[in-house]
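Letter by letter, the chains look like this.
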Amino acid sequence: MLMVLKILLLCISAYLIGAIPFALIVGKVFYNADIRTMGSGNLGTTNTFRCLGKKAGVIVFVMDVVKGIIAIFIPTLVIGRVEYLSIFGAFAMIGHVFPIFANFRGGKAVATGSGVFIFLYPFLSMVMIVIFFATIFLTGYVSLGSILICLMSIIYLSIFEVGVDKYIMITMCIFVIYMHKKNIKRLLNGTESKSKLKIGGKNDRNN
């Protein structure tokens, strides 16, 4: 019973950590701007980069990644390295997408999910980071990079991993892909804008 209570409290803690809207905080504190009224309105890294600049974007990206790491690290201190640590990462990702501190309007959990993967699967994460940025540099599509690393992670986890974490993280990858449904439509229609990071590319306006 005590363990169940601990797990429940840790899930709530992970959600609250994930729900910290760093894009909103950075925008209001340092730029006197509400990122929710700018660009796509998403509380994520891409919209922060686009609307507030590189420095703000990097800060938000790092902090969102750290959220995912901390949300899993704390449970390891409390209950140890159990085989279901990913459930806390999942709650952090849900918190980022539906943050209680920002009227449940957040981002798409790519950065926070990356933090979870970095903690659980460091080698896979390094490979996915390379693929992500290579995709952006070559195509200019941030959304495509996000979708691609989710798909490749699903394939990797399905083939090489076992246990509860495998299935939870596959589910969360599918969730992140679903959060990009509008981007997928634009990609298929050829109307998705491109990031400045593409060699010779234009600014991404829709992610």
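Computed from a predicted structure; not experimentally measured.

Conventions we followed
Residues numbered from 1 in each chain as written. Predicted model: local features only at pLDDT ≥ 70, side-chain atom pairs only at ≥ 80, totals over all residues. Heavy atoms only, no water. Helix = DSSP H or I, 4+ residues; strand = E, 2+ residues; numbered from the N terminus. Rg over C-alpha atoms; globule rule 2.2 N^0.38 Å. Buried < 20%, exposed > 50% of the residue type's maximum accessible area, 1.4 Å probe, protein only. Areas by Shrake-Rupley, 256 points an atom, 1.4 Å probe, with all protein chains shown as cover. Lys, Arg positive; Asp, Glu negative; His and termini not counted. Charge placed at Lys NZ, Arg CZ, Asp CG, Glu CD. Core = buried A, V, L, I, M, F, W, Y, C linked by side-chain atoms within 4.5 Å. Contact = heavy atoms within 4.5 Å. Salt bridge = Lys/Arg side-chain N within 4 Å of Asp/Glu carboxyl O. UniProt positions renumbered as here; feature names shortened; annotations may be inferred. Expected span 1.5 Å × (residues − 1). Patch = residues over 30% accessible without salt bridge, like charges linked within 9 Å, V, L, I, M, F, W, Y side chains within 5 Å. Phe/Tyr/Trp six-rings, centres within 6.5 Å; stacked < 30°, edge-to-face > 60°. Lys NZ or Arg CZ within 6 Å of the ring centre and 35° of its normal.

**As for the overall build of the chain**
Within the chain, the secondary structure is distributed over 10 helices and 0 strands. When the elements of the chain are put in sequence order from the N terminus, they spell out α-α-α-α-α-α-α-α-α-α. Relative to a compact globule of 207 residues, whose C-alpha radius of gyration would be 17 Å, the chain shows 17 Å and is just as compact. For the chain, the spread of C-alpha atoms along the three principal axes comes to 55 × 40 × 25 Å. Counting across all 207 residues of the chain, residues that qualify as buried make up 48%. Element-wise, carbon and sulfur atoms account for 72% of the exposed surface of the chain, whose accessible area totals about 10500 Å². Between the averaged position of the 20 positive side-chain charges in the chain and that of its 7 negative side-chain charges there is a distance of 11 Å.

**A short note on the nonpolar core**
Judged by nonpolar contacts, the single largest core of 36 residues is most densely connected at Phe88, Met93, Phe117, Leu120, Tyr121, Leu157 and Met169. Counting residues per element, this core draws most heavily on helix H9 (residues 164–179), at 8 residues. Setting aside its immediate chain neighbours within four residues, Leu157 contacts Phe117, Tyr121, Leu124, Lys166, Met169 and Ile170. Counting 10 residues, the second largest nonpolar core, distinct from the first, contains Ala23, Leu24, Val26 and Ile35.

**Some details on the pattern of salt bridges**
Opposite charge on two side chains permits them to pair, given that their charged atoms come into close proximity. Enumeration according to the criterion identifies 3 salt bridges in this entry. Arg36 serves as the salt-bridge partner of Asp34, at 3.0 Å between the closest nitrogen and oxygen. Note that Arg186 and Glu192 form a salt bridge whose closest N and O atoms lie 2.7 Å from each other. Judged by relative accessible area, which is 4%, Glu192 ranks as buried.

**Quick notes on the side chain of Lys166**
Here Lys166 is to be found in helix H9. Ignoring any residue separated from it by four or fewer positions in sequence, one finds Lys166 in contact with Tyr121, Leu157, Ser158 and Glu161.

**Remarks on the UniProt feature "transmembrane region" (unreviewed entry) in the chain**
Here, UniProt's "transmembrane region" (unreviewed entry) annotation points to residues 6–31, 58–78, 84–104 and 116–142. Segment residues 84–104 splits into 57% helix and 0% strand. End C-alpha atoms: 26 Å apart.

**What to know about helix H4 (residues 54–79)**
If you check H4, its first and last C-alpha atoms are 38 Å apart, about what 26 residues at 1.5 Å a residue would give, namely 38 Å. Of all the positions in H4, only Ala56, Gly57, Val60, Asp64, Val65, Lys67, Gly68, Ala71, Ile72, Pro75, Thr76 and Ile79 are classed as buried. Of the surrounding secondary structure, the elements contacted by the buried residues of H4 are helix H1 (2–18), helix H2 (22–31), helix H3 (45–52), helix H5 (86–97) and helix H6 (110–120).

**Some points on a nonpolar patch on the surface**
Residues Leu2, Leu5, Leu8, Leu9, Ile12, Leu16, Ile94, Phe98, Ile100, Phe101 and Phe104 make up a contiguous nonpolar surface patch of roughly 1000 Å² in combined accessible area. Per-element accounting of the nonpolar patch gives the leading share, 6 residues, to H1. On the secondary structure map, Phe104 appears in the loop between H5 and H6.

**With respect to the packing of aromatic side chains**
Using the criterion set out here, one finds 6 aromatic pairs in the structure. Centroid distance Phe133 to Phe137: 6.2 Å. Interplanar angle 35°. Geometry classified as tilted. In this pair, Phe133 and Phe137 both sit in helix H7 (residues 122–139), 4 residues apart, roughly one turn of the helix. In this structure Phe137 comes out as partly exposed when scored by relative accessible area, which is 38%. A ring pair is formed by Tyr156 and Phe160, whose centres lie 5.1 Å apart and whose planes are at 40°; its orientation type is tilted. Taken together, the residues Tyr156 and Phe160, both in helix H8 (residues 142–160) and 4 residues apart, mark about one turn of the helix. Classification of Tyr156 as partly exposed rests on a relative accessible area of 23%. Residue Phe160 is classed as exposed on the basis of its relative accessible area of 56%. Each residue in the set Phe132, Phe133 and Phe137 is aromatic and connected to the rest through ring pairs, giving one cluster. Just above the ring of Tyr178 sits the side chain of Lys181; from NZ or CZ to the centre is 4.4 Å.

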